[in-house]
Amino acid sequence: MKRIIAVIILALFAAAAHCAGAEDWLLKSDKFSRSVSHSVGFLKTAKITYDRYQMLGAASPEFVIDVKNKDGDPVFLTPGDFKALDVKDEGGESGMKRTYTLVSHKDGYPITVSLVYTSSPTGEYITKHMNVIPTKKAADVIVSGITLESLTMKPSLAQVAAASIFDGIDLGEDINPENAPFVLRGVSYIGGLDLKAKKGFYFIYNTRTSKSRAFYNRRNEIMVWEDVNQPATVGYTSGTVIIGALECDNPQALYERSRAVFAETVLPRLTGAKEFKSLNLTKPRFVPVVEPVSVSCDAYITENGGYLVFFNPTGDTLTVHGVTDERFIKNSKNLTAEGLDIASGKIEAELEPASVKIIPVKVKE
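These numbers were taken from a predicted model, which means no experiment stands behind them. (Residues numbered from 1 in each chain as written. Predicted model: local features only at pLDDT ≥ 70, side-chain atom pairs only at ≥ 80, totals over all residues. Heavy atoms only, no water.)

Chemist: Describe the pattern of salt bridges, naming the residues involved and giving the relevant values.
Modeler: Under the counting rule described, the total for this entry stands at ten salt bridges. Linking Arg52 and Asp51 is a salt bridge whose minimum nitrogen-to-oxygen distance equals 3.8 Å. Overall, the relative accessible area of 27% leaves Asp51 in the partly exposed class. Note that Glu221 is salt-bridged to Arg219, the shortest N-O span being 3.1 Å. A single salt-bridge network, built from bridges that share partners, covers Arg34, Glu62, Lys128 and Glu149. (Salt bridge = Lys/Arg side-chain N within 4 Å of Asp/Glu carboxyl O. Buried < 20%, exposed > 50% of the residue type's maximum accessible area, 1.4 Å probe, protein only.)

Chemist: Could you give an account of the environment of Ala46, with specific residues and numbers?
Modeler: For Ala46, the location among the structural elements is in strand E3 (residues 42-50). Residue classification places Ala46 among the partly exposed residues on the basis of a relative accessible area of 23%. Discounting chain neighbours no more than four positions away, the residues touching Ala46 are Ser35, Ser37, Gln54 and Leu56. (Helix = DSSP H or I, 4+ residues; strand = E, 2+ residues; numbered from the N terminus. Contact = heavy atoms within 4.5 Å.)

Chemist: Can you tell me about the packing of aromatic side chains, naming the residues and giving the values?
Modeler: Where two aromatic rings form a pair, the distance of their centres and the angle of their planes describe that pair. Here the structure, examined in full by the defined rule, presents six aromatic pairs. Considering the side-chain rings of Phe63 and Phe82, the 5.3 Å spacing of their centres and the 80° angle between planes classify their relative orientation as edge-to-face. With Phe63 in the loop between strand E6 (60-61) and strand E7 (64-68) and Phe82 in strand E9 (residues 82-92), this pair connects stretches of sequence that are 19 residues apart. The exposure classification of Phe63 matches that of Phe82, with both residues buried. Relative to Phe311, the ring of Phe262 lies with its centre 5.3 Å away and its plane at 50°, an arrangement referred to as tilted. Remark: Phe311 occurs in strand E24 (residues 305-312) and Phe262 occurs in helix H3 (residues 251-265); sequence separation between them is 49 residues. Residue Phe262 is classed as buried on the basis of its relative accessible area of 1%. We note Arg259 situated over the ring of Phe262; from NZ or CZ to the ring centre the distance is 4.4 Å. (Phe/Tyr/Trp six-rings, centres within 6.5 Å; stacked < 30°, edge-to-face > 60°. Lys NZ or Arg CZ within 6 Å of the ring centre and 35° of its normal.)

Chemist: Kindly report on the environment of Lys128, identifying the contributing residues and their values.
Modeler: Relative to the elements of secondary structure, Lys128 occurs in strand E12 (residues 125-133). On the basis of relative accessible area, Lys128 is assigned to the buried category, the value being 0%. Taking the C-alpha atoms as reference points, Lys128 and Thr118, ten residues apart in sequence, are found 6.7 Å from one another. Those residues within four positions of Lys128 in sequence are excluded, and the remaining contacts are Arg34, Glu62, Leu115, Val116, Tyr117, Leu148, Glu149, Gly239, Thr240 and Val241.

Any link to function would need more than the numbers given here.
Structure follows, in structure tokens:
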């Protein structure tokens, strides 16, 4: 219920923000850009464009922070409750970074936050995260949650979802790899695609907490939020949202690019990433995961072996089942992995909350 109220508040403020203020800052990565406007005391994303194609359907407020006072009364702080303290730009040819620092002027909630945006050195994507800066002035305030993104995208962008999980099909013969098992509907954890315009976007959420959610829903909204439950005196750093775009006309291309960026940005900070990077693997193979809908599995396989990479963005411990027969992993009968029977065509893996599990794959001798 609390989360629904926060979403309604975002929608109401988005309508107000749409009428006020002009674009005052453009973070640009080659053809991809995010326009952030700060006017009339309101911080919002005004545009998201790729090669002059506008992907945003409506101006979208930058955040909502759920807080509680000493009595446990919930309050939602929106950008309208904050005033700017500082705007700092850094970087150069290797990518730009902008940091907004804001302080709440709402009585009893002197929260200070910074929003940090960076453009990628490759000029393809833009990142965003939030810091709640520790402050003794907010001694009685608990930060209970953060809505980091609530972006309303254009209706012409359809959700790219895995067919195997969206349609609830089993591990049998129903999955057709020739259809690159994706559908353009439902709830996506990959991104969106406009087939007519041949433009697509992907999003990646590198979470820092097990209690978080990130998805692109049927209402064309990218929603990212985290349960925090941290005293404002301690502070907090959110996970990072990565949004990028490219020209493509099929879900497979969008999926492959998003996973390549995932491998470039997220995996280097994870266990096993050094060995993973040394293989110079690029295009992954999609491994269908039957349940639950938000888990993905990618297969990076060469003649000498490779890795299976499971990504669990939920806050739950999960047992997942995937398909590894030769429709999806070439020569799968010749591969072995500790704890997995790849050759059987069906695998089961245990995943920790908000985690990436990297499983080395070897070629049978």
